[in-house]
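Secondary and tertiary structure notes
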Amino acid sequence: MRILDITLKDLSQIVRDWKISLFLVVMPFMFTLFFSATSAPAEADARLPVGVVNHDPDGVLSARLIETFEGSQAIRIVSLKEAEESQVDSLIEKETYAAIVIIPEGYSRQLLAGEDIRPEVIAISDRPAGHSAVTAIRGDIKRVLSAAKGAQLSAEVADSRQPFAGDAARQAYLEEGITLANAAWDNPPISTEMKAATRIDTERSQSTNPAAQSSPGMIVMFAVFGLITSATVLVAERKSQALQRMLTTPVHRWEIIAGHLLAMALVTFLQQAVLVGLGQFLLGVDYLSAPVGILLVMAALALWTASLGLLISALVKGEEQVIIWAMIAMFLFSALGGAWFPLEFAGKAFSTIGHLTPTAWAMDGFQNIVLRGGGNGSVLMPVGILMAYAAAFFGLAVWRFRFE
Amino acid sequence: MNNGKAIEVQDLHRHFGDIKAVQGVSFDVRQGEIFSLLGPNGAGKSTTISMLSCLLQPNAGDALVMGHSITRRPMEVKKAIGVVPQEIALYPDLTARENLAFWGKMYGLRGKTLGRRIDQVLEIIGLVEQQKRPAGKFSGGMKRRLNIGIALLHKPQVIIMDEPTVGIDPQSRRHILDNVKELNRQGMTVLYTTHYMEEAAELSDHIAIMDQGQIVASGTHDELVKIVGKQDRVELTINTESERVLPAWQAIDGVHKATATDSIITLLVDESDRVLPRLFEAAIEAKVHITSVTIQEPNLEAVFLHLTGRALRDG
Ligand SMILES: Nc1ncnc2c1ncn2[C@@H]1O[C@H](COP(=O)(O)OP(=O)(O)O)[C@@H](O)[C@H]1O
Ligand SMILES: [Mg+2]
């Protein structure tokens, strides 16, 4: 109970200066907007929208074709319903889509049987978007076509040596052939080990929103900044000897430390909560896709910054020194921890060094969710490591803590 | 409890590096009395108080407060005492009432009990009108009163006050001294430290005179004053350097101690009525002109001078 009394006293002292509290939220939000704006063009999805109508839903080659479209750098496909097929012309005219591809019924079966059958591509090719889309689509169709041819040829050779047990066996052989051919296309210099039948699940590209980097980045950076408020309260308390006076009342030392730690953690937690809210609803950063995971990261980050605040207030004498040290910590931890730019951009060595900072793990925690589309479980390791840092900083702070 | 003793101090020692702040201090404070530690700055009063309020561990010795050892049962001691530190230890950005509320909670008070007690304390320290103002905006005297009020919230059996009247206006000092007497009248035991002998004389049932980490004398006011006997303290200002007349005055029968700074000479004399004319005679003979004379009957200042050879104020 006394712990909470101390926490509430600290919080009431902090909010007394409401301008500072506002600053804690407004500043990082402005920075988020600024960073998002400067990095927007490079990250935005500039791929051309292409509508696809698939009348060969169970076919192996139509599936392959759609997969190839999905991997395209040039186009972004949207599958159309039957109903929309009748409006194809107007959809193209209104530039809803740069092109529309209609895969005919029996596409896979006929193609494998050696018949000449092609998807229908509708576009206005003297428009630049239409022209680019058609070029990309033709390339992809050709790629599937040659895979089919290759598979077919090799099947004929195999059949002549040792006939297939039946149609099903022949079909299976063909499908494997196509998969292999496709994989080969993905990696032009064919290596003998290349056997990958499924694509390696690379990071789901959600980096269409630049705020997915800057929003968590500024949350992490300003969480370190935010502890200035609560650490200053503690240092002032020690200077006025009120902290020492507490020791003449029936309060345990650990209760005093816990009360202050909790205040510090709550300040940065609330600060993060507001910024996550602004990020989610104003900037479209998808924090709430894994709410429990986000809460865990926020709590771990709050505990670590609180321990850092406790440590700083244990080491310094005056309020001005709190500000200096918090600023140093903020710049150091946010630059190294990837709050300003993704650590991967700076190379492997830098990323490795960066991950010695707790802030890098906080960034990982947030970005596993908002950038890489991970679920609640994806934060467990970052949160664990962040908590270990919190414990280490807390131990150091308690060891150096002074009441006078 | 404990034959009516609220505090029993047994041979306390405390040093800071080479500085021996407290060296072998012992005294008893009886329940219901006001006990003063009187001594100049640096005498070791605050260090003694800090040990009694469990802020500092003694290097040797122990003390019992309401029967609880300060080294073995600090929590019990803390519940029994209210401590008024020498510094104004409160939150300048919180109002008087908020300060009292917070400290009351530290002493374990809650809800209605706390609210009622805050009202009572505000009444005692005379800050009812100003309770909603931030403590940082108070005058020195008001801050001192609030500093005291905090220690009264939980109605402690013993209140320990460390120089609670330093640096304030006479009115606030009067208020505080009256508070101390009133609290004592209601049954609180008071341990009071000061370097103002008038305060010690006015308030105390018992006084211990402290100097250089030791208690040099203790007793009631009258007992202490008897140490210097019937000696009066005579302070004379002359129009020239003291050396011109000092030897002649020291030679006069009935003059005991003489100290001089520039043209002010302080003497301890038996029966000033008899000695004074002879001082004037000697001055005329030495062609020295006396510009002012003050005579003080025996007091604690004189006792301190007698015991240590130094004045209390600039100790
Ligand atoms: N924390 C400390 N560190 C070093 N020296 C101290 C400390 N506290 C007190 N002292 C020294 O101990 C002596 C007694 O100080 P103190 O108890 O404050 O005297 P008083 O309260 O009678 O003025 C002084 O010489 C003082 O400088
Ligand atoms: Mg002192």
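Our subject is the structure that appears above.
Residues numbered from 1 in each chain as written. Chains lettered and ligands numbered in written order. Predicted model: local features only at pLDDT ≥ 70, side-chain atom pairs only at ≥ 80, totals over all residues. Heavy atoms only, no water.

**What to know about the coordination of the magnesium ion (ligand 2)**
All names here are of chain B.
- Looking at the metal site, the magnesium ion (ligand 2) is ligated by Ser46 (OG) and Gln86 (OE1), spaced 2.0 to 2.3 Å from it. Here the residue Ser46 occupies a position in helix 1 (residues 45–52), and Gln86 occupies one in the loop between strand 6 (81–84) and helix 3 (96–106), the gap between them amounting to 40 residues.
- For Ser46, a relative accessible area of 24% puts it in the partly exposed group. (Donors = N, O, S within 2.8 Å, 3.2 Å for Na, K, Ca; no water. Helix = DSSP H or I, 4+ residues; strand = E, 2+ residues; numbered from the N terminus. Buried < 20%, exposed > 50% of the residue type's maximum accessible area, 1.4 Å probe, protein only.)

**Quick look at the layout of surface pockets**
- Approximately 540 Å³ is the volume found for the second largest pocket.
- Where the lining of the second largest pocket is concerned, the elements lending two or more residues are helix 11 (242–246) of chain A together with helix 1 of chain B.
- Element by element, the count of residues in the lining of the second largest pocket is highest for helix 1 of chain B, at five residues.
- When the residues that make up the lining of the second largest pocket are grouped by side-chain class, the tally is ten nonpolar, eleven polar and six charged. (1 Å grid on protein atoms, 1.4 Å probe; cavity = no way out; pocket = protein on both sides within 12 Å on 5 of 7 lines; lining within 4 Å. Points joined across faces, edges and corners; volume = space filled by probe spheres on them. Nonpolar A, V, L, I, M, F, W, Y, C, P; charged D, E, K, R; others polar.)

**Some thoughts on empty space enclosed by the protein**
Residues and elements named next belong to chain A.
- On inspection of all chains with the given rule, the structure shows two cavities of 30 Å³ or more.
- Lining the largest cavity, in full, are Gln213, Gly337, Gly338, Pro342, Leu343, Glu344, His355, Met363, Asp364, Gln367 and Arg372.
- If one sorts the elements of the lining of the largest cavity by residue count, helix 16 (residues 358–370) sits on top with three residues.
- As for the second largest cavity, its lining consists of Pro28, Phe29, Thr32, Ser215, Met218, Ile219, Leu275, Leu278, Gly279 and Leu283.

**A few points about the site of ligand 1**
Residue and element names in this part refer to chain B.
- The local shell around ligand 1 consists of Phe16, Ile19, Ala21, Pro40, Asn41, Gly42, Ala43, Gly44, Lys45, Ser46 and Thr47.
- The contact in question runs from an oxygen atom of ligand 1 to an N or O atom on the backbone of Gly42, over 2.7 Å.
- A distance of 2.5 Å is found between an oxygen atom of ligand 1 and a side-chain nitrogen or oxygen belonging to Thr47.
- In isolation ligand 1 offers 560 Å² of accessible surface; the protein chains occlude 63% of this area. (Near = heavy atom within 4 Å. Polar contact = N/O pair within 3.5 Å; in protein donor to acceptor, adjacent residues only side chain to side chain. Areas by Shrake-Rupley, 256 points an atom, 1.4 Å probe, with all protein chains shown as cover.)

**Quick notes on the packing of aromatic side chains**
- Within this structure, the stated rule accounts for 15 aromatic pairs over all chains.
- Seen in terms of ring centroids, Phe331(A) and Trp340(A) are 6.1 Å apart; in terms of plane orientation they differ by 70°. Their pairing is edge-to-face.
- Overall, the relative accessible area of 40% leaves Phe331(A) in the partly exposed class.
- Residue Trp340(A) is classed as partly exposed on the basis of its relative accessible area, which comes to 31%.
- Among the aromatic residues, ring-to-ring pairing joins Phe23(A), Phe31(A), Phe222(A) and Phe225(A) into one connected group.
- A cation over an aromatic ring shows up here: Arg245(A) above the ring of Trp103(B), its NZ or CZ 5.6 Å from the ring centre.
- Positioned above the aromatic ring of Tyr196(B) is the side chain of Arg173(B), whose terminal nitrogen or guanidinium carbon lies 4.2 Å from the ring centre. (Phe/Tyr/Trp six-rings, centres within 6.5 Å; stacked < 30°, edge-to-face > 60°. Lys NZ or Arg CZ within 6 Å of the ring centre and 35° of its normal.)

**A short note on the environment of Gln212(B)**
Residues and elements named next belong to chain B.
- Within the secondary structure layout, Gln212 lies in the loop between strand 9 (206–211) and strand 10 (214–219).
- Sequence separation between Gln212 and Leu152 is 60 residues; the distance between their C-alpha atoms is 31 Å.
- For Gln212, the residues in contact, after removing those within four places along its chain, are Gln23, Ala43 and Arg310. (Contact = heavy atoms within 4.5 Å.)

**Focus on the interface of chain A and chain B**
- Contacts between the two partners involve 21 residues from chain A and, on the opposite side, 27 residues from chain B.
- Across the chain A/chain B interface, buried area totals approximately 2,300 Å², and carbon plus sulfur atoms make up 61% of it.
- Where chain A touches chain B, the interface holds two salt bridges.
- Ionic pairing is found between Glu98(B) and Arg16(A), a salt bridge with its closest N-O pair at 2.9 Å.
- For the interface between chain A and chain B, the tally reads eleven residue pairs in polar contact (both at pLDDT 80 or more).
- Along the lines of polarity and charge, the residues of the side of chain A that touches chain B split into seven nonpolar, eight polar and six charged. (Buried area = accessible area lost by both parts, 1.4 Å probe. Salt bridge = Lys/Arg side-chain N within 4 Å of Asp/Glu carboxyl O.)

Functional significance is not addressed by these values, which are geometric in nature.
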